[in-house]
Amino acid sequence: EGKRKDHFDAGFDMNYAWDFMEATRDVFIRDSSAVRLLEVNHAEYDSIPVGKMKLRFTTNHDEASKMSPIIELGGERASMAAFVGTIFLHGGALIYSSQEVGYIDPINFFVYTPMNWSNNPNLYKEYQHLLALYNEYPALRKGTLTEYPDSDILMYQKSDAQDTFLVLVNVRNKNISVALPEAWREHEGIDIYKNESIKLMDEMELNPYEYRVIRMS
């Protein structure tokens, strides 16, 4: 469960991205710049051997025992924005049982807590869809990362030999317009979550805590 570098010397291939989790709090709760997530992503991966991974999460058994990410991060949409920004940036996605149905009460993992898995079908389907995309497109998990720093929009490109994606996450509870990278302007794209074509202009406006995952046509 730790984050120490010597875990990898001991033979582990992955450990917890606690610094990234704290950076997520900084951005969503304390209004730090979204650039902080990019900085911490670099710091975590620059400190571990090539080929090893950090396990990225917005909640786990420890955090869920305190509060749901829906409560902590500012609502259901904020929790989903954080989840999208977290899992596609560098892969290593963790999902902790209860978050996919939006369970909002603390969970004592030493006590049996039954889940009603049909309680929030729309949120459940949203998680299913995002993880299906995560598994379908290797570029989203482990593609080459190109960063586009912005204080309010977490924006980055993920690419491999087959696909190129632009991920945009509004980390604020208000509408935000952002200038798109020059390479994406005036291009056709496909919003792969909505499965619809989109004509990209010089800027894009995102609703509060909205995310977009766009595949270059």
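Scroll up a little and you will see the structure.
A. Region of the structure containing the packing of aromatic side chains. Taken as a whole and judged by the stated rule, the model has nine aromatic pairs. Look at Tyr16 and Phe57: their rings are 5.5 Å apart centre to centre, the planes differ by 65 degrees, and that puts the pair in the edge-to-face class. Taken together, the positions of Tyr16 in strand β1 (residues 14–16) and Phe57 in the loop between β2 (53–55) and α4 (61–64) put the pair 41 residues apart, joining distant regions of the chain. For the pair formed by Tyr16 and Phe57, the shared burial category is buried. A centroid spacing of 4.8 Å and a plane angle of 65 degrees characterise the contact between Phe83 and Tyr127, whose relative ring orientation is edge-to-face. Of the two residues, Phe83 sits in helix α6 (residues 76–90) while Tyr127 sits in helix α7 (residues 121–136), which places them 44 residues apart along the sequence. By the burial criterion, Phe83 is buried, and Tyr127 matches it. Taken together through their ring pairs, the aromatic side chains of Tyr16, Trp18 and Phe57 make up a single cluster. Between Arg56 and the ring centre of Phe20, over which it is positioned, the NZ or CZ distance is 4.1 Å. A cation over a ring is seen here: Arg141 above Tyr134, with NZ or CZ 5.9 Å from the ring centre.

B. Molecular detail of the nonpolar core. Core analysis: the biggest nonpolar cluster contains 37 residues, and Phe28, Phe88 and Leu140 have the highest contact counts within it. Every element with two or more residues in this core is listed here: α2 (18–28), α3 (35–46), α6, α7, α8 (138–142), β4 (153–159), β5 (164–170) and β10 (211–216). By residue number, the principal contributor to this core is α6, which donates nine residues. Those residues in contact with Phe88 that sit more than four places away from it in its chain are Leu130, Tyr134, Leu140, Tyr156, Lys158, Val167 and Val213. Among the nonpolar cores identified, the runner-up in size contains 13 residues, and Met155, Ile176, Leu180 and Leu200 belong to it.

C. Molecular detail of the layout of surface pockets. The calculated volume of the largest pocket comes to roughly 260 Å³. Lining the largest pocket are 13 residues, with Tyr45, Gly51, Lys52, Met53 and His90 positioned closest to its centre. Here the residues of the lining of the largest pocket sort into six nonpolar, four polar and three charged.

D. Highlighting the environment of Ser97. Among the structural elements, Ser97 can be located in the loop between α6 and α7. Residue Ser97 is classed as partly exposed on the basis of its relative accessible area, which comes to 40%.

E. Just α2, in detail. Of all 11 residues in α2, eight are buried; the element is thus mostly enclosed. Where α2 is concerned, the buried positions are Phe20, Met21, Ala23, Thr24, Arg25, Asp26, Val27 and Phe28. For α2, the elements touching its buried residues are α3, α4, α5 (69–73) and α6.

F. Highlighting the pairing of strand β3 (residues 144–147). The sheet contact formed by β3 and β4 spans four bridges and is antiparallel. Bridge pairing in β4 links Leu145 to Lys158. As consecutive antiparallel partners, β3 and β4 are separated by five residues.

G. Quick look at unusual backbone geometry. You will see that Asp31, though not glycine, has its phi angle at about 60 degrees, which is positive. Note on placement: Asp31 falls in the loop between α2 and α3. Overall, Asp31 belongs to the exposed group, its relative accessible area being 56%.

H. Expanded view of empty space enclosed by the protein. The full count for this structure, using the stated rule, is two cavities of 30 Å³ or more. Considering only enclosed or pocket space, the largest cavity measures out at about 40 Å³ in volume. Forming the walls of the largest cavity are Thr59, Ala64, Ser68, Pro69, Ser98, Gln99, Tyr103, Asp105 and Ile107. Looking at the lining of the largest cavity residue by residue, the classes come out as four nonpolar, four polar and one charged. Estimated volume of the second largest cavity: approximately 30 Å³. Phe20, Thr24, Phe28, Leu37, Ala81, Ala82, Gly85, Thr86, Leu154 and Val171 are the residues that line the second largest cavity. Those elements giving two or more residues to the lining of the second largest cavity turn out to be α2 and α6. Broken down by element, the lining of the second largest cavity gets its largest block of residues, four residues, from α6.

Criteria and thresholds
- Residues numbered from 1 in each chain as written.
- Predicted model: local features only at pLDDT ≥ 70, side-chain atom pairs only at ≥ 80, totals over all residues.
- Heavy atoms only, no water.
- Phe/Tyr/Trp six-rings, centres within 6.5 Å; stacked < 30°, edge-to-face > 60°.
- Helix = DSSP H or I, 4+ residues; strand = E, 2+ residues; numbered from the N terminus.
- Buried < 20%, exposed > 50% of the residue type's maximum accessible area, 1.4 Å probe, protein only.
- Lys NZ or Arg CZ within 6 Å of the ring centre and 35° of its normal.
- Core = buried A, V, L, I, M, F, W, Y, C linked by side-chain atoms within 4.5 Å.
- Contact = heavy atoms within 4.5 Å.
- 1 Å grid on protein atoms, 1.4 Å probe; cavity = no way out; pocket = protein on both sides within 12 Å on 5 of 7 lines; lining within 4 Å.
- Points joined across faces, edges and corners; volume = space filled by probe spheres on them.
- Nonpolar A, V, L, I, M, F, W, Y, C, P; charged D, E, K, R; others polar.
- Pairing = 2+ DSSP bridges.

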